[in-house]
Amino acid sequence: MKIGQTLNHLSNNFMLCMDTSTSDLTVAVLQNDQCLKEIRVKAERSHSIQLIPCIQKLLSDVDLKMRDLNCIAAGQGPGSYTGVRIAVTVAKTLAWTLHIPLFGVSSLEGLSYGINREMKLNELGSNGLDNWIIPILNARRGQVYTALYEFKENGHENRLPDGIRLMETWVQQIHEYLESQSSSKQITFVGDVEQFKAEISRLEQVSGQKMNCYEKHMNAYDIGLLAFKQRDRSKIKEPHHFIPNYTQLAEAEKNL
Amino acid sequence: MTITILAVETSCDETSVSIVQNGKKVCSNVVSSQMETHEKFGGVVPEIASRKHVETITLIMEEAIKQANIDAKDLSAVAVTQGPGLVGSLIVGMVAAKAFACALDLPLIGVHHIAGHIYANQLVHDLEYPLMSLVVSGGHTELVYMEAPGSFKIIGQTRDDAVGEAYDKVARALGLPYPGGPYVDKLAQESDAEIKLPRAWLEANSYDFSFSGLKSAVLSVVNQAKMKREVLNKAHVALGFQNSVIDVLVEKSLRAVRQFNAKQLLLAGGVAANKGLRQALQTRCEKEGIPLLIPPLDLCTDNAAMIGAAAFLKWEKQDFSSMDLKSEARLPLENWITVD
Amino acid sequence: MNQASSFRFHALSEKDTKRLAHEIAKNVQAGNVITLDGDLGAGKTTFSQAFAKEIGITEIVNSPTFVLIKEYQGQELPLYHMDVYRLSIEEADELGLDEYFYGNGVCLVEWSSKITELLPEHRLELYITHLGDQERNFEITPKGDIYIQWCEKLKNSGVIS
């Protein structure tokens, strides 16, 4: 078997995208930046059982075969360790087997990108301010997988990196960061917002500013859109070295 | 016709991929051991094992295909360990195998890890049924009777610790490194005397095993020495422990062979690497005229070739798994395959 | 109210250990969590086996060390038998232990001190000390009202002191 990567015509391509970093399982096929079909299921702990059948159903619904695919994209986390490993393993195996390019995207960025897209679509919260989007995924015991992304009219940037943080101190950090800015910002929390209502309302109190809060699920479409934006030879991941972004060392390694 | 199976095994801390033809011929058997990593922690750390599997899985698949010098289009099926084992580890191999099978449009075959250990023997010997198999590893201690290919009957098993686990725990008590088996075995081989330790024979007709009493006996020897401020001769304890374990394993296996009129005794599993056990079984089987089959060391420890060997049983029945196959930490052996 | 004071049970033989398992099993209901700590060879698995038998499990209950969690079906309740010795807090979390702890069965958790922060607030803690041969001391610490009531009942009937 010849193993290697050939960069196909990325201008007209079918991309298979997936994310399993949350309790949802989501897969989508894009043709360029258009979503042909997306499937999302509440998988809880059954991602490893359902992922391949979902991909098969997805492809058959849009009448594509595995060999028709031109590239693969996967959410690399952070999120549930076992969960993230499933999409990452499937994506790297498919990309390697089919000899097609592989892209990795931050799952938190995907979630942020998705809510920004929806807000724009529904003309929500738009008041000309830069939108700070803060994805939060419950990592238990008061911790969240989170980051801070700034969305402007012409694009977005990561301001505070993906990581696992204590929600209690995280809102404090956001407050301080906000104070240091020269312009005011619109702030949007997305993800498991309901479970962290208390911390978010504390931030509202200290900053004297209302926060947008959206419970939102992960969409593979957004993973695909982000991958599409990075469709550049230099961003292609080598499948053998493609691993999840756990954001912290396993406990045992840390204690060594 | 040649049936070529690519097999994946990730039930514990070894990432392994193998190409096996007709359940007999090993074209390649690549094993990436994480031993060094886990040595540092004094045991397999599940999360770390899972991470290492993700890091290496496609590399090992590529290496296995390369070493076998085959083309992916020559493959007939993809086999994967379904269980038992550590769930997090099993899942990585499972989804990689599914993705590979799905991309190449190949059937998937879920394999029982213990069936794999037993069928490792088929890679080097011709099996004659009915046969008796002694499966000894870190997670298992079982006497499995096989009347015909694919028919598995557990006639005895451990009531507490698995043999390998007892070795690891005793090694820990003696201050030896992990994994303890080889160290205890080596100490025992070099020892000139033994501290007599008890043997758990259980009920007269039972084929079950028990090692926790023996483990406690070792601990009490260690504690007594500590209390009396004596320097304990670890080698003497190691030999006493090893003799006790081996005596029980050998006696019960031979009794089972006789009672079930088995034509062969198969040794399987990682503890089959134990020199003391191999020697004792060889001596006794020779004396009693029982054919003893032991796979070479690299086929005793966890490896994917054995999974490819066992998968062939299911290939012959065209008994394929669906793509929603679930990894099971406690997959039962006896109904793993339907016997006609 | 949840003041945790300890009780003790002195077992001279394995038979005594079984009697303690019997007395504790009598009270057991869905969602109960019993932790077992003590040195290697203290008798955690021995207690677990006796307990399993008491709640009607007929199959062999052997060491869960290798696969971490073993599930059994008792007469009325499922039993979740765990050995968390090799687990870090992070991984224990990933295994979804909460589903077991707050589920519809009984949990026996060996080496629970490795994951103290993840344990339910209400639980029965058993700390076993090896005193020689089959002789054991059980230090029994109830956390939470129902377990305190259990212990008081056991104390009143003279089982533990």
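Residues numbered from 1 in each chain as written. Chains lettered and ligands numbered in written order. Predicted model: local features only at pLDDT ≥ 70, side-chain atom pairs only at ≥ 80, totals over all residues. Heavy atoms only, no water.

**A word on the pattern of salt bridges**
The criterion, for reference: Any Lys or Arg side-chain nitrogen found within 4 Å of a carboxyl oxygen on Asp or Glu counts as a salt bridge. Numbering goes from the N terminus for both helices and strands, where a helix is a DSSP run of H or I of at least four residues and a strand is a run of E of at least two. Throughout this description, buried means an accessible area under 20% of the type-specific maximum (1.4 Å probe, protein chains only), exposed means over 50%, and partly exposed covers the range between.
Tallying each qualifying case throughout the model produces 33 salt bridges over all chains. Residue K185 of chain A is joined to E150 of chain A by a salt bridge in which the shortest nitrogen-to-oxygen separation is 3.2 Å. One end of the pair, K185 of chain A, is in strand β9 (residues 185-191); the other, E150 of chain A, is in strand β7 (residues 143-152), and 35 residues separate them in sequence. Take K185 of chain A: its relative accessible area is 5%, and that puts it in the buried class. Since its relative accessible area comes to 3%, E150 of chain A is described here as buried. In this structure, the salt-bridge partner of E288 of chain B is R284 of chain B, at a minimum N-O distance of 2.7 Å. Of this pair, E288 of chain B and R284 of chain B are both found in helix α9 (residues 275-288), four residues apart, which corresponds to roughly one turn of the helix. If you follow the salt bridges from partner to partner, you end up with D130, E150, K152, E157, R159 and K185 of chain A in one network.

**A word on the UniProt feature "binding site: substrate" (unreviewed entry) in chain B**
All names here are of chain B. Note the cut-off: UniProt positions are given in the numbering used here, feature names are shortened, and annotations may be inferred rather than shown by experiment. Contact between two residues is taken to exist if any of their heavy atoms lie within 4.5 Å; hydrogens are not considered.
Per the UniProt record, "binding site: substrate" (unreviewed entry) is annotated on V135, V136, S137, G138, G139, D168, G181, D185 and N274. Secondary-structure assignment places V136 in strand β6 (residues 131-136). On the basis of relative accessibility, which here comes to 0%, the residue V136 falls in the buried class. Not counting chain neighbours up to four residues away, the residues in contact with V136 comprise T141, V163, L249, L267, A268, G269, G270, V271, A272 and L277. Note that G181 resides in helix α6 (residues 180-190). Take G181: its relative accessible area is 18%, and that puts it in the buried class. Apart from the residues lying within four places of it in its own chain, the contact partners of G181 are Y167 and D168.

**Things to note about the domain arrangement of chain B**
Residue and element names in this part refer to chain B. Worth spelling out the cut-off: Domain ranges listed in this record stem from an automatic or a database domain assignment. When two components associate, each loses some accessible surface as probed by a 1.4 Å sphere; the sum of these losses over both components is called the buried area.
When its domains are assigned, chain B resolves into domain 1 (4-119 + 299-316) and domain 2 (128-294). Centre-to-centre separation of domain 1 and domain 2, based on C-alpha positions: 27 Å. Domain 1 puts 15 residues into the contact, and the matching count from domain 2 is 18 residues. Here domain 1 and domain 2 share an interface that buries about 1,300 Å² over both sides, 75% of which is from carbon and sulfur atoms. Contact with domain 2 buries area across many residues of domain 1, yet I114, I118 and C300 alone supply 41% of it, more than any other trio. On inspection of domain 1 and its partner domain 2, the count reaches zero salt bridges.

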